[in-house]
Amino acid sequence: MGEKQENTACKFIDDLTTLATIKLRPNLQKSPLRERPLQYHSRTGHILPNEVNPILPQVNQIMEFTNKNKMKLNAKKTNLIIFNRSKSYDFQPQITIENELINVVENTKLLGVIISSKLKWDLQVQFIGNKFRKKLWILRRLKTMGGTIDDMLLVYKVQI
């Protein structure tokens, strides 16, 4: 049997975010089936048995809460992201909500910040840069149309 997991937490904002740490080496098992083509997280040939998966009890608890309060989770909007730097231990999660498999994504937006599974900032920096360029275009356009400095300052204060 696998080792007990640490640090599970839930946080409510306008959506629900849940986090779990998994000790991969003692809990992963070699997968007997190797379906082709392999998904990225299946590349090492490991699976995480349901009995040691710390996310499943959290998902079940969330499902009980939503059912009790006559709410419904949208499985299509639910994403799962894995932060794993190991090259020799990895697994493809098989978590479902109402018989629909949850998407495993490489990046997601959380409270306006793009989080990458590689924990790199390049996507966030690119996103902010694109937003800035769009706002800057407004000032350039206003200048070419004969806008005054006061007009441009007002647009800068309001838009940027």
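Refer to the structure presented above.
Described in the following lines is the structure provided in the data block. (Residues numbered from 1 in each chain as written. Predicted model: local features only at pLDDT ≥ 70, side-chain atom pairs only at ≥ 80, totals over all residues. Heavy atoms only, no water.)

### Notes on the overall build of the chain
Then comes step 1: Of the regular secondary structure elements, the chain holds 4 helices and 10 strands.
Then comes step 2: When the 160 residues of the chain are sorted by exposure, 26% land in the buried category. (Helix = DSSP H or I, 4+ residues; strand = E, 2+ residues; numbered from the N terminus. Buried < 20%, exposed > 50% of the residue type's maximum accessible area, 1.4 Å probe, protein only.)

### Observations regarding the nonpolar core
Then comes step 1: One finds Ala 20, Ile 55, Leu 56, Val 59, Met 63, Ala 75, Leu 80, Ile 82, Ile 95, Ile 97 and Ile 102 forming the largest nonpolar core, which totals 11 residues.
Then comes step 2: For this core, the element with the highest residue contribution is helix 2 (residues 55-68), accounting for 4 residues.
Then comes step 3: Among residues more than four places away in sequence, those in contact with Ile 95 are Asn 53, Ile 55, Leu 56, Val 59, Leu 80, Glu 100, Leu 101 and Ile 102. (Core = buried A, V, L, I, M, F, W, Y, C linked by side-chain atoms within 4.5 Å. Contact = heavy atoms within 4.5 Å.)

### Some points on helix 2
Because an α-helix packs 3.6 residues into every turn, residues spaced three or four apart end up facing the same way.
Then comes step 1: Helix length check: helix 2, at 14 residues, gives a terminal C-alpha distance of 20 Å against a target of 20 Å (1.5 Å per residue), a fit within 8%.
Then comes step 2: Note on helix 2: the residue one or two positions beyond its end, Lys 70, has a positive phi of about 55 degrees. (Expected span 1.5 Å × (residues − 1).)

### Some points on the side chain of Asn 27
Then comes step 1: Here Asn 27 lies in helix 1 (residues 24-27).
Then comes step 2: A polar side-chain atom of Asn 27 sits 2.8 Å from the main-chain carbonyl oxygen of Lys 23. (Polar contact = N/O pair within 3.5 Å; in protein donor to acceptor, adjacent residues only side chain to side chain.)

### Section: the environment of Glu 106
Then comes step 1: Summarising the element assignment, Glu 106 is placed in the loop between strand 8 (103-105) and strand 9 (107-110).
Then comes step 2: Judged by relative accessible area, which is 32%, Glu 106 ranks as partly exposed.
Then comes step 3: The spatial distance from the C-alpha of Glu 106 to the C-alpha of Leu 119 is 10.0 Å, given a sequence separation of 13 residues.
Then comes step 4: Here the side chain of Glu 106 touches Ser 117 through a polar contact of 2.7 Å, side chain to side chain.

### A word on helix 3 (residues 122-144)
Then comes step 1: The terminal C-alpha atoms of helix 3 lie 32 Å apart, and with 23 residues this matches the ideal 33 Å at 1.5 Å per residue to within 8%.
Then comes step 2: Every buried residue belonging to helix 3 is among Gln 124, Gly 129 and Leu 139, and all of these are buried.
Then comes step 3: Where helix 3 is buried, its residues contact strand 10 (113-116) and helix 4 (149-159).
Then comes step 4: In the segment just after helix 3, Gly 146 is the residue with positive phi, at about 90 degrees.

### Examining a positive patch on the surface
Then comes step 1: Residues Arg 85, Lys 87, Lys 118 and Lys 120 make up a contiguous surface patch of positive charge.
Then comes step 2: Residue position: Lys 87 is located in the loop between strand 5 (79-81) and strand 6 (96-97). (Patch = residues over 30% accessible without salt bridge, like charges linked within 9 Å, V, L, I, M, F, W, Y side chains within 5 Å. Areas by Shrake-Rupley, 256 points an atom, 1.4 Å probe, with all protein chains shown as cover. Salt bridge = Lys/Arg side-chain N within 4 Å of Asp/Glu carboxyl O. Lys, Arg positive; Asp, Glu negative; His and termini not counted. Charge placed at Lys NZ, Arg CZ, Asp CG, Glu CD.)

Shape is all these values report; function is a separate question.
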